[in-house]
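Read off the chains here:
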Amino acid sequence: YRILVEGSSDKIILQKAFNIKKYKYGITNGIGSNIVQLASKLNQDDIKVLVIVDDDKDGKEYKNKILKIKGVYNQKNVFTIRDVVGEIKNEGTIEDILGKDFIESKFKEFYKSEFKEDCNYNLLEDFPFLEQIKIFLKKQNKFKNQFLDDFKKKISDDFNPNKGTFDTKFPLLKSFVNEVQKKLK
């Protein structure tokens with residue numbers, strides 16, 4: 001089975017989650033907006049994949065553009081993460097599936113390493129985490145796109161679930177992985 005996702009952090013997070021469940025999938029990633037061109041190339045080569053994008057504005061746009069390619073793509077194999085699991089917040093990204101506690105702790109660590117000061121910012125549960133962080137950084141006059149890119153890399157690098165805590169610490173990710181498994185059958 002093959003899966004196409006937006007970015008490298010998506011690929012790393014999902015691969016680690018699938019490994020916990022012992023699911024063996026080949027995951028290919030685009031680099032943001034080039035996912036549409038990559039999907040077009042896979043279609044040209046008649047390679048069938050399950051496409052999963054974030055539920056943010058860009059992800060929804062990529063989904064619509066990929067569906068317009070037609071060929072191997074249709075409503076049964078092109079999804080936003082929220083299409084897969086409805087409990088994922090509107091406009092959510094893969095990072096939202098990891099839960100508030102994990103993302104908040106990683107943000108505070110990363111903030112301290114980048115700005116050499118503590119951060120006591122607390123995320124809200126019902127609004128996309130990366131968007132909240134972006135707004136917070138802008139208010140602090142510390143926002144740079146590179147910060148978010150580096151932060152996403154830290155999240156994917158530091159995400160190392162084990163079988164014992166996967167179900168309890170990452171319930172939304174567990175649901176997501178199970179639903180992807182069903183879509184690949």
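About the thresholds
- Residues numbered from 1 in each chain as written.
- Predicted model: local features only at pLDDT ≥ 70, side-chain atom pairs only at ≥ 80, totals over all residues.
- Heavy atoms only, no water.
- Helix = DSSP H or I, 4+ residues; strand = E, 2+ residues; numbered from the N terminus.
- Rg over C-alpha atoms; globule rule 2.2 N^0.38 Å.
- Buried < 20%, exposed > 50% of the residue type's maximum accessible area, 1.4 Å probe, protein only.
- Contact = heavy atoms within 4.5 Å.
- Areas by Shrake-Rupley, 256 points an atom, 1.4 Å probe, with all protein chains shown as cover.
- Lys, Arg positive; Asp, Glu negative; His and termini not counted.
- Charge placed at Lys NZ, Arg CZ, Asp CG, Glu CD.
- 1 Å grid on protein atoms, 1.4 Å probe; cavity = no way out; pocket = protein on both sides within 12 Å on 5 of 7 lines; lining within 4 Å.
- Points joined across faces, edges and corners; volume = space filled by probe spheres on them.
- Pairing = 2+ DSSP bridges.
- Right-handed = clockwise from strand over helix to strand, strands pointing away.
- Axes fitted to C-alpha atoms, helices over the stretch in contact; angles between N-to-C directions.
- Core = buried A, V, L, I, M, F, W, Y, C linked by side-chain atoms within 4.5 Å.
- Salt bridge = Lys/Arg side-chain N within 4 Å of Asp/Glu carboxyl O.

Visitor: Give me the overall build of the protein chain: which residues, what numbers.
Guide: Counting its regular elements, the protein chain contains nine helices and four strands. Expected size for 185 residues packed as a compact globule is a radius of gyration near 16 Å; at 17 Å, the protein chain falls within 12% of this value. On the principal axes, the C-alpha backbone points of the protein chain span a range of 50 × 35 × 25 Å. Buried residues in the protein chain amount to 46% of all 185 residues. Sequence separation of 24 or more characterises 69% of the internal contacts of the protein chain that already satisfy a separation of 6 or more. Of the roughly 9900 Å² of accessible surface on the protein chain, 47% is carried by carbon and sulfur atoms. Each charge class in the protein chain was averaged separately, 36 positive and 29 negative side chains, and the resulting centres sit 4 Å apart.

Visitor: Residue-level account of the layout of surface pockets, with values.
Guide: Counted as a void, the largest pocket has a volume near 860 Å³. Asp56, Asp58, Leu130, Asp149 and Lys152 are, among the 31 residues lining the largest pocket, the residues nearest its centre. Elements that contribute at least two residues to the lining of the largest pocket include exactly helix H1 (8-20), helix H3 (57-69), helix H6 (129-139) and helix H7 (145-158). When residues of the lining of the largest pocket are assigned to their parent elements, the largest contribution, seven residues, is made by H7.

Visitor: Break down the pairing of strand S3 (residues 50-53) for me, with residues and values.
Guide: In S3, alternate side chains face the same way, and those of Leu50 and Ile52 on one face and Val51 and Val53 on the other are all buried. As paired elements, S3 and strand S4 (residues 78-80) share three bridges and run parallel to each other. Its bridge partner being in S4, valine 53 is matched across the sheet by threonine 80. In this region the chain leaves S3, passes through H3 and returns to the parallel neighbour S4; the handedness of that crossover is right-handed.

Visitor: Describe in detail the sheet that holds strand S2 (residues 26-29), supporting the description with residues and values.
Guide: Pairing within the open sheet is parallel, and its four strands lie in the order S2-S1-S3-S4. The open sheet has two free edges, formed respectively by S2 and S4, since each of these has just one partner strand. Taken pair by pair, the neighbouring strands of this sheet meet at an average axis angle of 25°, ignoring direction. Sheet topology note: the strand S1 (residues 2-5)/S2 ladder contains four bridges and is parallel.

Visitor: Explain the nonpolar core to me, and be specific about the residues and the numbers.
Guide: Ile3, Leu173 and Phe176 are the most contacted members of the largest nonpolar core, which has 44 residues in total. Setting aside chain neighbours within four positions, we find phenylalanine 176 in contact with Leu14, Ile52, Ile81, Val84, Val85, Ile88 and Ile97. Residues Leu4, Val51, Ile66 and Leu67 belong to the second largest nonpolar core, which totals 14 residues.

Visitor: Report on the pattern of salt bridges, specifying residues and quantitative values.
Guide: Using the criterion set out here, one finds 18 salt bridges in the structure. Here glutamate 91 makes a salt bridge to lysine 60, at a shortest N to O gap of 3.2 Å. Of the two residues, glutamate 91 sits in the loop between helix H4 (81-84) and helix H5 (100-115) while lysine 60 sits in helix H3, which places them 31 residues apart along the sequence. Under the relative-accessibility criterion, glutamate 91 is labelled partly exposed at 32%.

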